[in-house]
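Spelled out from the first residue to the last, the chains are:
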Amino acid sequence: TGYDELKTKAKIVGTKTEAENTLVILDKSPFYVESGGQTDDLGKFIIADNSFNVVDVLKIDGQVIHVIDSVDQAKLKIGIDVYAEVDETRRWDIMRNHSVTHFLHKALRTILGTHVQQAGSYVGPDRLRFDFTHFAKLTADEINQIEAMVNANTRKNYQLKHHRNTPFDEAKKMGALMFFGDKYGDKVNVVQFGDFSMEFCGGTHVH
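Draft legend 1. Quick look at helix α2 (residues 140-155). Taking 1.5 Å of rise per residue, the 16 residues of α2 would be expected to cover 22 Å, and the 23 Å separating its terminal C-alpha atoms lies within 8% of that figure. Along α2, the residues classified as buried are I146, V150 and N153. An end-on view of α2 places all buried positions within 75° of arc, on one side of the element. Summarising the geometry of α2, the exposed residues directed more than 90 degrees from the buried face are A140, N144 and R155.

Here it is in structure tokens:
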């Protein structure tokens, strides 16, 4: 549910104690699991008047596993209702960095050439890192042009269009940019900012 909300009422459907943590599966979750360079969400569970910290999230066999820094099984039992809350400030920082990664990718391909391809990335609350292939070190002038294009288009405040669960062939026909050798399913998500950027992407973004 994390594309639409950062707080979700859910039910515990699975638990397991491991070391000093409890692993919890919910019937639905707003937490994003690290993928495509975007780092995990953190946050908390609220159960009645009790708060439990979500210190990590994993995905195993399609299930989101919430790692809780508690072994209080009495309060984390199957069938209990919880409010799962993503750390909102941290998520917004991550989303800003992820959205501008798309702007940076577009600027690189426009200024340096369409041979530029993403070759890895990190998107966290503190920064973004964007790895790409190019045949030369960037000049100071190229860096200035790239920075100016990213800033100019950020100021245009494009409305996010998030095309979710779009058939793969339809997404290709839309002209969405596909990343480096990624494996895609029959349905994909496409993130579009105006007529400036449109890419296959399963991450979360600013509006």
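So, next bit.
Draft legend 2. Examining the packing of helix α1 (residues 88-112) against α2 more closely. Two elements in contact, α1 and α2, have axes separated by 9 Å at closest approach and are oriented at 135°. The angle between α1 and α2 falls in the class oblique. When you trace α1 past α2, the crossing you get is right-handed. On α2, the residues touching V100, F103, L104, A107, L108, T110, I111 and L112 of α1 are E142, Q145, I146, M149, V150, N153 and T154. Split into classes, the residues belonging to the contact of α1 with α2 amount to ten nonpolar, four polar and one charged.

Draft legend 3. Looking closely at unusual backbone geometry. Even without a glycine there, the phi angle at A48 is positive, about 55°. Of note, A48 is situated in the loop between β3 (43-47) and β4 (50-60). Residue A48 is classed as exposed on the basis of its relative accessible area, which comes to 67%. One non-glycine residue, D61, adopts positive backbone phi at about 55°. In this fold, D61 is placed in the loop between β4 and β5 (63-68). The exposure class assigned to D61 is exposed, which follows from its relative accessible area of 79%.

Draft legend 4. Quick peek at the sheet that holds strand β10 (residues 187-193). Reading across the sheet, the three strands line up as β9-β10-β11 and stay open at both edges, with antiparallel pairing between neighbours. The open sheet terminates on both sides in strands that have one partner only, identified here as β9 (160-167) and β11 (197-200). Across the sheet, the mean angle from the axis of one strand to that of its neighbour is 20°, orientation sign disregarded. Two strands pair when backbone bridges link them, and β9 and β10 are joined in this way by six bridges, in the antiparallel orientation. Pairing of P167 across the sheet is with K187, part of β10.

Draft legend 5. The environment of Y83, seen in detail. In this fold, Y83 is placed in strand β6 (residues 81-86). Residues Y83 and I146 lie 63 residues apart in sequence; the distance between their C-alpha atoms is 42 Å.

Draft legend 6. Representation of the pattern of salt bridges. One pass over the full model with this rule turns up seven salt bridges. The partner of E85 in a salt bridge is K7, with the nearest N and O atoms 3.4 Å apart. Here E85 is found in strand β6, whereas its partner K7 is found in strand β1 (residues 7-18), with 78 residues between them in sequence. Taking relative accessible area as the criterion, K7 reaches 46% and is therefore assigned partly exposed. When the shortest N-O distance is used, the salt bridge between K11 and D81 registers 2.8 Å. Taken together, the residues K11 in strand β1 and D81 in strand β6 connect sequence positions 70 residues apart. Judged by relative accessible area, D81 falls into the partly exposed class, the value being 40%.

Calculation rules
- Residues numbered from 1 in each chain as written.
- Predicted model: local features only at pLDDT ≥ 70, side-chain atom pairs only at ≥ 80, totals over all residues.
- Heavy atoms only, no water.
- Helix = DSSP H or I, 4+ residues; strand = E, 2+ residues; numbered from the N terminus.
- Expected span 1.5 Å × (residues − 1).
- Buried < 20%, exposed > 50% of the residue type's maximum accessible area, 1.4 Å probe, protein only.
- Arc of directions from axis to C-beta.
- Axes fitted to C-alpha atoms, helices over the stretch in contact; angles between N-to-C directions.
- Parallel < 35°, antiparallel > 145°, perpendicular 65-115°, else oblique.
- Left-handed = near helix turned anticlockwise from the far one by under 90°.
- Contact = heavy atoms within 4.5 Å.
- Nonpolar A, V, L, I, M, F, W, Y, C, P; charged D, E, K, R; others polar.
- Pairing = 2+ DSSP bridges.
- Salt bridge = Lys/Arg side-chain N within 4 Å of Asp/Glu carboxyl O.

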